[in-house]
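Survey of secondary and tertiary structure
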Amino acid sequence: MSTELEPEEVPTLPKEESVNLNEESSDVFTEFEELSDYLSEEGSLQYSGKSVFSDGTIVTYETPEVSEEEIVVDDDPLLSVPPEHYPDMLFLMGNHFPIAIHAYEHIRSLIRWKKLFPKQQIQILAPGGDYKNGLFFFNVWHGNFYGSAYCHDRKDKSILEQALATSRHLPVPDQYKMCRLTCLNPNSFEAMKVIFSKDKWCTSHDVVLWLPWYCAREMEVHLPNDNVQIRELGLGHIDLINESWEENFPGSRELIDDLFDIHQGLGLFDDEILLSWALVWYHGGLGIIQTVEREKGKGYCRPVVEALTKRMGEHLIDVHLKITRGKRRDLFFFTALGFRYAFKAFTFETQKYLDKKKSQTKLKTSIIKKN
């Protein structure tokens, strides 16, 4: 039986300490100045005009003259959101927390991905290019499709659903090793159902938990003994992390490798031996939280989660993660740390990937039994 937590009211901060949740994106404003030159479909367009952000930052965009012969009209109902609209888009989504927490952090991650890997296929799309009508966003990396969608209300859902029905930007499962669309809220799920066929996709029911940054930064870190320390993860730990992860998939090692360039990861060490770890996953939420098999049951997971949560909070980042239905132990663990219910979520994955994962699990089980 699935467990669902009741939404918890966010505490009101004293007036002198109250901070807009969007303040954490102040570092992103400078990123937009750098990215505005190439965050277009081909990385060659620039934009003209001026955007004034909530903190008073002004960013101007200059563009060379383009002849009429060079203008290409895209008749797809889903169009790229212009980069100069990103700050206002994120500001609006920040005011819709916690329902928008996953989409917000996922899009911020895509912006970082594009900055480091400008040739990577990344799209942030909306009906008519207007983010107020819903969003569909994704990246394609190492042959895998990672994406999600966001609708705030039923109006967004209706508009995005109509655009998705005829868009050419949708993933075709047979073209990728794996397709994954994560943490769709109920409205987004309804909008996306128009593109899914039962023989190609499988749905999981999840719960998204979150912790506001001003609570996350107060997290206390409890080390189990004096012989262990929390330290940064390095490239030398990638193989262990990937091989120990029960849900690894084709391309996951390369993805973890690239993650070290844009996100954080911490480990619990006994001298030079890595015991437990936690990463900020590709969509900006907590992920791959694990302890090596021989050390499980010793409480090594908790301090790593506490330390990474605290660090994200100190960077003014709201922390979130998804719990798959049925994983009651995980649910109790994170709620005990103070995480709150954000929304009921749905994740779509391609059936062929899940079938392969099941067969691999059966093979591992059979090998263990033989031994």
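Reference entry: report on the structure contained in this document. The model shown is predicted, which means the values in this text are computed figures rather than measured ones. Sequence order as written defines residue numbering, which begins from 1 separately in each chain. Under the rules for a predicted model, residues below a pLDDT of 70 receive no local features and side-chain atom pairs below 80 are neither given nor counted, while totals for whole chains, interfaces and linings still include all residues. Hydrogens and waters are ignored; side-chain quantities use all the structure's heavy atoms.

1. Things to note about the overall build of the protein
The condition that has to hold: Each helix corresponds to a stretch of at least 4 residues labelled H or I by DSSP, and each strand to a stretch of at least 2 residues labelled E; elements are numbered beginning at the N terminus. Only protein chains enter the accessibility calculation, which uses a 1.4 Å probe. A residue is then buried if its area is under 20% of the maximum for its type, exposed if over 50%, and partly exposed in between. Any two residues whose heavy atoms approach within 4.5 Å at even a single point are treated as in contact.
Counting its secondary structure elements, the protein contains eleven helices and 14 strands. By the burial criterion, 50% of the 371 residues in the protein qualify as buried. Put simply, of all contacts in the protein between residues at least 6 apart along the chain, 74% involve residues at least 24 apart.

2. Some thoughts on the pairing of strand β11 (residues 273-280)
Quick reminder of the rule: For two strands to be treated as a pair, DSSP must find no fewer than two bridges joining them.
Across the eight residues of β11, seven count as buried, placing the element largely inside the fold. With six bridges connecting them, strand β10 (residues 265-270) and β11 associate as antiparallel partners. By the bridge assignment, Gly-267 is partnered in β11 with Trp-277. Here β11 runs beside strand β12 (residues 286-291); their pairing, made up of four bridges, is antiparallel. Across the sheet, the residue bridging to Trp-277 is Gln-290, located in β12. Following β11, the chain reverses through five residues before pairing antiparallel with β12; Gly-284 in that reversal takes a positive phi of roughly 90 degrees.

3. Comments concerning the sheet that holds strand β6 (residues 144-150)
Convention followed: Each axis is a line fitted through C-alpha atoms, taken for helices only over the stretch in contact, and angles between the N-to-C directions span 0 to 180 degrees.
Read from one edge to the other, the open sheet built from eight strands follows the order β3-β4-β5-β6-β7-β14-β8-β13, with strand pairing classed as mixed. For this open sheet the edge positions go to β3 (78-80) and β13 (319-324), each flanked by a neighbour on one side alone. Adjacent strand axes in the sheet meet at a mean angle of 25 degrees, parallel and antiparallel pairs treated alike. With three bridges joining them, β3 and strand β4 (residues 121-127) adopt antiparallel strand pairing. Paired with Leu-78 across the two strands is Pro-127, which belongs to β4. Along the sheet, helix α10 (residues 328-336) contacts β8 (201-211) and β13; its crossing angle with β13, the most-contacted strand, is approximately 160 degrees.

4. Here we look at the nonpolar core
Here is a general trend for soluble globular proteins: nonpolar side chains tend to be buried in one another's company. Where we set the bar: Buried Ala, Val, Leu, Ile, Met, Phe, Trp, Tyr and Cys residues that are joined via side-chain atoms within 4.5 Å together make up what is termed a nonpolar core.
Met-89, Met-93, Ile-107, Trp-113, Ile-124, Leu-135 and Trp-281 are the most contacted members of the largest nonpolar core, which totals 48 residues. Per element, the largest residue contribution to this core is seven residues, and it comes from helix α3 (residues 101-116). Ile-107 has contacts with Met-89, Leu-90, Met-93, Ile-124, Leu-135 and Phe-137, leaving out every residue within four places of it along the chain. Of all hydrophobic cores here, the second largest spans 27 residues; its members include Met-219, Val-280, Ile-317 and Leu-337.

5. What about the packing of aromatic side chains?
For any pair of aromatic rings, the description rests on two quantities: the centre-to-centre distance and the angle between the ring planes. Using the following cut-off: Paired rings are identified among Phe, Tyr and Trp, the last through its six-membered ring, by centres lying within 6.5 Å, and are further divided according to the angle between planes into stacked (under 30 degrees), edge-to-face (over 60) and tilted (the rest). Here, a charge over a ring is recorded when the distance from Lys NZ or Arg CZ to the ring centre is within 6 Å and its angle to the ring normal is within 35 degrees.
Going through the model one piece at a time under the given rule, you end up with 19 aromatic pairs. Here the aromatic rings of Phe-97 and Tyr-104 are separated by 5.1 Å at their centres, their planes lie at 90 degrees, and the arrangement is edge-to-face. One exposure class covers both Phe-97 and Tyr-104, and it is buried. Consider the rings of Trp-281 and Tyr-282, whose centres lie 5.3 Å apart with planes at 65 degrees: the pair is edge-to-face. Exposure remark for Trp-281: the relative accessible area of 5% places this residue in the buried category. The exposure class assigned to Tyr-282 is buried, which follows from its relative accessible area of 2%. In this arrangement the basic side chain of Arg-231 is found over the ring face of Phe-269, its NZ or CZ atom lying 4.3 Å from the centre.

6. Considering the side chain of Lys-114
Put simply, the test is: N or O atoms within 3.5 Å of each other form a polar contact, as long as, within protein, one can give a hydrogen and the other can take it, and as long as residues adjacent in sequence are counted only when both atoms are side-chain atoms.
As for its position among the elements, Lys-114 is in helix α3. Since its relative accessible area comes to 5%, Lys-114 is described here as buried. Within polar-contact distance, the side chain of Lys-114 engages the backbone oxygen of Gln-120 at 3.2 Å.

7. Topic: the sheet that holds strand β9 (residues 228-232)
Strand order in the open sheet made by the four strands is β9-β10-β11-β12, with antiparallel pairing throughout. Looking at strand neighbours, the two that pair on one side only are β9 and β12, the edges of this open sheet. Pairwise comparison of adjacent strand axes, ignoring direction, gives a mean angle of 20 degrees for this sheet. Running over the sheet, helix α9 (residues 301-314) touches β9, β10, β11 and β12 and is turned about 40 degrees from β11.

8. Structural notes on the pairing of β4
β4 sits mainly inside the fold: six of its seven residues count as buried. Two elements, β4 and strand β5 (residues 135-141), share five bridges in a ladder whose sense is antiparallel. Among the inter-strand pairings, Gln-121 is bridged to a residue of β5, identified as Val-140.

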